[in-house]
Amino acid sequence: MKNTFGTAVAVTLFGESHGEMIGCVIDGLSSGVTVSEDAIAKALARRRPAGLNSTSRVEPDDFRIVSGVYHGKTTGTPVTILIPNTQNHSTDYENAPRLARPGHADYTAHVKYHGFEDFRGGGHFSGRLTAALVAAGAIGAEALRQKGIVIGTHISSIAGIEDTPFAATEQEIRAQIGTLSALSFPVFSQKQGEEMQNAILAARNEGDSVGGTLETAVIGMPAGVGEPFFDSVESRLSHMLFSVPAVKGVEFGDGFALAAHRGSEANDAMRIKDGKVVTLTNHAGGIYGGITNGAPLRFRIAVKPTPSIFKEQATVSLTEVKEEILSLKGRHDPCIVHRAAPVVDAVTALVLCDMLSLTFGVDYFSPASNPS
C-alpha cells in the first residue's frame, strides 16, 4: 500500500476510521515555517460535521503535534500529527454480516488485501482520514501565505443548484477568498446556499444523498512552476485531488466548456502591466503547457453523492459469496460536498508546497533564506 505523496515536500497518511487514531507525517518542509495550532483547529472545525446536513459522528479532533515543531516553528525534520478517534461505534460493523456497500471500497479492498483489511467504517479508505490531510494542509497553507499565496474553495453547486462563481479579477477573487474561512457552508450567495441545504435535507428525509461541485482559486502563484507532460500542474493537482474520497472529476479553467469554443474564444490574450506579462482573461485557469503563468489558478471538482444511503440496495456477502439486500445502519452524511471544501484547500496547499520547493529549492519557505 502506497500512502505517501510528494517529492520535495511529502505527506504520509496513516490510520483507520475505527482505529485508535489517524495521523500524518510531513517530510521536507523548510525550517522556520510558522505552525499555528489555532489555524489547524479552525481548519479542522470547517471539516467537522454540523447539523442535519452532516453525519452525527462528530469527532473533537484533539490533535497532537509530536515531532518537527519547536516553539511554534518547523525544525526541518518530519512533522508528525496524531488525531485520536473517540466517536467510533465499531459494533455497528462488528455485529453485522460482511456485506459490500455499493459505491464504497469494501469489495475492492477485500480483493486487494485478501480479507485482512479493517473494514469498520471503511477502514483506511474512510473520509475520516481527510482530517489528517486538513491538519497537514493547514501547515502548508501557512507556509504559502508567508509567500503571499492564498487558497479558497467554495461550493459551486449541490443537487444542480449553483452558487455565484469566482470573479474575474485577482483583486475580487482575493476578497471572495477572505470571506470563506469563517463559513461552515462556504457559498457566496446566501439564497442559493439555503436552497442547497434544503435539497440536502430533502434527500436525507428520503434516506438518500446528493453530490455537487467545488470551485477552487489560488492567488499569488508565481509564473514558471510545473513541468510539461508528466509533472504538469494539472497532473500533480489531479493526482492529489482524485485521492480525496468521492472526487470523480476535475477540470481546470473553463474545462470541458472549452471543447465547444473556437480558439479565438478560448485563448487568453496577453499584455504587459507594470513590467510583467499578464493575461486579459483566464480561460486556461492559470496554466500554460503544464506550467503556471502567473494568473490565478482555477479548477473545479465533481463530488459524487455519498454512497452510504438508507435505501435498500442489492449487494453481495463477501464472506458467504452470495447475493444479499443491504439495509444500512450507522451514521452517515446525506452530502459531503461542503465538508470536502477544506480538504480540497489542504491537498492543494500540500501539492503547491511540493512544486514550489522543487522549482526554487528545499529552503524556499525558510525565512532564513528569504530575509525580506
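Rules and cut-offs
Here the residue numbers are simple positions, counted from 1 along each chain's written sequence. Given that the model is predicted, a residue must reach a pLDDT of at least 70 before its local features are reported, and side-chain atom pairs must reach 80 or more before they are shown or counted; all residues, however, enter totals for whole chains, interfaces and linings. For the side-chain quantities, the full set of heavy atoms in the structure was used; hydrogens and water were omitted. Here a strand is any run of E in DSSP of at least two residues, a helix any run of H or I of at least four, and the numbering for each starts at the N terminus. Throughout, the radius of gyration refers to the C-alpha atoms, and the reference size of a globule is 2.2 Å times the residue count to the power 0.38. Buried means the residue's accessible area, taken with a 1.4 Å probe over protein chains only, is under 20% of the maximum for its type, while exposed means over 50%, and partly exposed covers the values in between. To be clear on the numbers: accessible area is Shrake-Rupley with a 1.4 Å probe, and residue cover counts the displayed protein chains and nothing else. For every element, the axis is a line fit to its C-alpha atoms; helices are fit only across the contacting stretch, and the angle between N-to-C directions ranges from 0 to 180 degrees. Put simply, angles under 35 degrees are roughly parallel, angles over 145 are roughly antiparallel, angles from 65 to 115 are roughly perpendicular, and the rest are oblique. When the near helix sits turned anticlockwise from the far one by under a right angle, the crossing is termed left-handed; a clockwise turn instead gives a right-handed crossing. Contacts are residue-level and defined by heavy atoms, with any inter-residue pair within 4.5 Å sufficient. Side-chain classes follow a simple rule in which Ala, Val, Leu, Ile, Met, Phe, Trp, Tyr, Cys and Pro form the nonpolar group, Asp, Glu, Lys and Arg form the charged group, and the remainder, Gly included, forms the polar group. In plain words, nonpolar cores are sets of buried Ala, Val, Leu, Ile, Met, Phe, Trp, Tyr and Cys residues tied together by side-chain atoms within 4.5 Å. Criterion used throughout: strands pair if DSSP finds at least two bridges between them. The definitions used throughout rest on a 1 Å grid laid over the protein atoms alone, on which a cavity is an enclosed set of points accommodating a 1.4 Å probe that cannot get out and a pocket is an open set flanked by protein within 12 Å on both sides along at least five of seven lines; lining residues are those having an atom within 4 Å of a point. Grid points are joined across faces, edges and corners, and a volume is the space filled by probe spheres set on the points. Only rings of Phe, Tyr and Trp enter the pairing, Trp through its six-membered ring, and a pair is recorded when the two centres are within 6.5 Å. The plane angle decides the type: under 30 degrees is stacked, over 60 is edge-to-face, the rest tilted. Here, a charge over a ring is recorded when the distance from Lys NZ or Arg CZ to the ring centre is within 6 Å and its angle to the ring normal is within 35 degrees. Two joining distances apply to patches: 9 Å for like charges and 5 Å for nonpolar side chains (Val, Leu, Ile, Met, Phe, Trp, Tyr), and every residue must have over 30% relative accessible area and no salt bridge. Salt bridge, as used here: a side-chain nitrogen of Lys or Arg that lies within 4 Å of a carboxyl oxygen of Asp or Glu.

Remarks on the overall build of the protein
- The helix and strand tally for the protein stands at nine helices and 18 strands.
- Over its C-alpha trace the protein gives a radius of gyration of 21 Å, about what one expects of a compact globule, namely 21 Å for 372 residues.
- With respect to the three principal axes, the spread of C-alpha positions in the protein is 70 × 50 × 35 Å.
- Of all 372 residues assigned to the protein, the portion counted as buried reaches 50%.
- Surface exposure of the protein reaches about 17300 Å², of which carbon and sulfur atoms provide 55%.

Focus on the packing of helix α4 (residues 130-145) against helix α9 (residues 337-360)
- At a minimum axis distance of 7 Å, the contact between α4 and α9 shows a crossing angle of 50°. One way to sum up the angle between α4 and α9 is to call them oblique. For the element pair α4 and α9, the recorded crossing hand is left-handed. Facing Thr-130, Leu-133, Val-134, Ala-136, Gly-137, Gly-140, Ala-141, Ala-143 and Leu-144 of α4, the residues of α9 in contact are Pro-342, Val-343, Ala-346, Val-347, Ala-349, Leu-350, Leu-352, Cys-353 and Leu-356.
- Its residues placed into classes, the contact of α4 with α9 shows 15 nonpolar, three polar and no charged.

Some points on the nonpolar core
- Membership of the largest hydrophobic core comes to 77 residues, with the highest contact counts inside it found for Leu-144, Ile-158, Leu-214, Ile-301 and Phe-365.
- Ranked by residue count, the leading element in this core is α9, at 14 residues.

Describing the pairing of strand β10 (residues 212-219)
- Summarising burial for β10: eight of the eight residues are buried, a large majority.
- Residues Gly-212, Leu-214, Thr-216 and Val-218 point to one face of β10 and Thr-213, Glu-215, Ala-217 and Ile-219 to the other, with burial holding for every one of them.
- In this sheet, β10 lies alongside strand β8 (residues 150-158) in antiparallel orientation, the contact comprising eight bridges. Bridge pairing in β10 places Val-150 opposite Ile-219.

A short note on the sheet that holds β10
- Strand order in the open sheet made by the five strands is β9-β8-β10-β16-β11, with antiparallel pairing throughout. A single partner strand is all that each edge strand has here, and the edge strands are β9 (161-162) and β11 (247-252).
- This element, helix α7 (residues 233-241), spans β11 and β16 (297-303) of the sheet and lies at about 160° to β11.

Here's the deal with the sheet that holds strand β3 (residues 21-27)
- One open sheet accounts for five strands, arranged β1-β2-β3-β7-β4; its pairing is antiparallel. Taken across any chain shown, the strands that pair with only one partner, and hence form the sheet edges, are β1 (4-5) and β4 (64-67).
- As paired elements, β1 and strand β2 (residues 10-15) share two bridges and run antiparallel to each other. Each bridged residue has a counterpart across the sheet, and for Thr-4 the counterpart in β2 is Thr-12.

Points about the layout of surface pockets
- The calculated volume of the second largest pocket comes to roughly 1000 Å³.
- In terms of lining, the second largest pocket is formed by 37 residues, of which the most central are Ala-168, Glu-170, Thr-279, Ala-295 and Pro-296.
- Elements represented by at least two residues in the lining of the second largest pocket include exactly α5 (170-180), β12 (270-273), β13 (276-279) and β16.
- In terms of residue count, the dominant contributor to the lining of the second largest pocket is β13 (four residues).
- Considered class by class, the residues forming the lining of the second largest pocket number 14 nonpolar, eleven polar and twelve charged.

So, the packing of aromatic side chains
- Inspection of every chain in the model, using the stated rule, returns six aromatic pairs.
- Consider the rings of Phe-229 and Phe-230, whose centres lie 6.3 Å apart with planes at 45°: the pair is tilted. In this structure, Phe-229 and Phe-230 share a single accessibility class: exposed.
- Plain terms: the ring middles of Phe-360 and Tyr-364 are 5.1 Å apart, the flat faces sit at 20° to each other, and that makes the pair stacked.
- Judged by its relative accessible area of 43%, Phe-360 falls in the partly exposed class.
- Following the ring pairs from residue to residue traces out a cluster consisting of Phe-360, Tyr-364 and Phe-365.
- Lying across the ring of Phe-119, Arg-98 places its NZ or CZ 3.9 Å from the centre.
- Of note, Lys-147 hangs over the ring of Tyr-364, and the distance from its end group to the ring centre comes to 4.3 Å.

Notes on the pairing of strand β17 (residues 313-317)
- Direction of pairing for β17 relative to strand β18 (residues 322-326): antiparallel, over a ladder of five bridges. Bridge pairing in β18 places Ser-317 opposite Lys-322.
- In sequence, β17 turns back onto β18 through a hairpin of four residues, with Val-321 there showing a positive phi of about 50°.

Topic: a nonpolar patch on the surface
- A contiguous nonpolar patch, built from Met-270, Ile-272, Val-277 and Tyr-288 and spanning about 400 Å² of accessible area, is present on the exposed surface.
- Secondary-structure assignment places Tyr-288 in strand β14 (residues 287-288).
- Look at Tyr-288 and you get partly exposed, because its relative accessible area is 31%.

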